[in-house]
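Chain by chain, the residues:
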Amino acid sequence: MFESTHIPARTGAGFDLRAGDRIKVISPHGHQVADFFAFNAAEPAEYLSARHTLVSSTRHLYPRQGQIFLTALRTPIMKFVADGAREQHEMLLAACDPARYSLLGVSGHHASCGENLQTAMAQRGVVITEIPQPLNLFSSTRADEQDNVITHPNASQPGDYAVFEALMDCLVVVSACPFDVETQFPVNVGGPHPIDVEIERAEK
Ligand SMILES: [Zn+2]
């Protein structure tokens, strides 16, 4: 039994997962990044930490199928169980936020992954003051041979997906990244586009 959620372009959505539940993040149009955050449901100050994952679990710069992701307390929170996007993921770029759009010369309000996270968590009574490093799904940002971080035009394809299994009861937020500023960061080509999510509940 799947629970499907359509996340319109530029917005985010929160999901309450029990240990064993699976979440499939799908890019129906391709060429679109989805920012993925996870928090311990029992203690939301404990979040999925890319840096702790890198040193104590994966020893790898990029999310890969089979990896276990850890919280900042180094507790397993999420397993990457199926990659249908040819390893086009990273955890290098911070989530976009109002300050980033301001630096890029945008005047007035611009939707952001940081705000989408805060809104989804506020709906669960959780105030987020610091935005964790997200898993950037369907992203073509990479380090080059000189270790420069380069964002190539987003090469993800329609129907690309990534499936994660919760290893503890957790809150997950997925943001359809609103980035649309003409820069050297073509993270959402021709977009922003929506993202779809399917939840598969574990057998009770
Ligand atoms: Zn974003």
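Our structure is the block above this text.
First things first, this report covers the structure right here in the doc. (Residues numbered from 1 in each chain as written. Predicted model: local features only at pLDDT ≥ 70, side-chain atom pairs only at ≥ 80, totals over all residues.)

1. Some words on the overall build of the protein
Rule in force here: Only runs of H or I of at least four residues qualify as helices and only runs of E of at least two qualify as strands under DSSP, and these elements are numbered from the N terminus. Restricting the calculation to C-alpha atoms gives the radius of gyration, and the globule rule supplies 2.2 Å times the number of residues raised to the power 0.38. The contact criterion used is a C-beta to C-beta distance within 7 Å, with each C-beta placed from the backbone.
Within the protein, the secondary structure is distributed over three helices and 13 strands. The C-alpha radius of gyration computed for the protein amounts to 16 Å, which stays within 12% of the reference 17 Å derived for 204 residues, consistent with globular compactness. Counting only C-alpha atoms, the protein reaches 50 × 40 × 30 Å along its principal axes. Across the protein, the fraction of contacts at a sequence separation of at least 24, relative to all contacts at a separation of at least 6, is 74%.

2. Notes on the sheet that holds strand 5 (residues 68-70)
To keep it simple, the criterion reads: Strand pairing follows a simple DSSP-based rule, namely that at least 2 bridges must link the two strands. Between N-to-C directions, angles span 0 to 180 degrees; the directions come from axes that are lines fitted to C-alpha atoms, helices contributing only their stretch in contact.
The strand order across the open sheet built from six strands is 1-13-3-11-6-5, with neighbouring strands paired in antiparallel fashion. At either end of the open sheet lies a strand with only one pairing partner, and these are strand 1 (2-7) and strand 5. Each strand axis lies, on average, 25° off the axis of its neighbour in the sheet, ignoring direction. Note: strand 6 (residues 76-84) against strand 11 (residues 160-166), six bridges, orientation antiparallel.

3. Details of the pairing of strand 3 (residues 22-27)
Relative to strand 11, strand 3 is paired through six bridges, and the arrangement is antiparallel. By the bridge assignment for strand 11, Ile 23 is matched with Phe 164. In this structure, strand 3 lies alongside strand 13 (residues 195-200), joined through five bridges in antiparallel fashion. Of the residues in strand 13, the one forming a bridge with Lys 24 is Glu 198.

4. Re the sheet that holds strand 12 (residues 170-176)
Strands sit in the order 2-12-4-8-7 across an open sheet of five strands; the sheet is antiparallel. A single partner strand is all that each edge strand has here, and the edge strands are strand 2 (12-17) and strand 7 (89-90). The pairing of strand 7 with strand 8 (residues 135-137) spans two bridges and is antiparallel. Paired with His 89 across the strands is Leu 137, a residue of strand 8. Helix-sheet contacts for helix 3 (residues 113-122) involve strand 2, strand 4 (34-40) and strand 12, and the interaxial angle to strand 2 is about 45°.

5. Description of unusual backbone geometry
The omega torsion of the bond from Gly 191 to Pro 192 falls at 10°, within 30 degrees of zero and hence cis. With respect to the element layout, Pro 192 can be found in the loop between strand 12 and strand 13. Although it is not a glycine, Arg 59 adopts a positive phi angle of roughly 50°. Position of Arg 59 among the secondary structure elements: in the loop between helix 1 (50-58) and strand 5.

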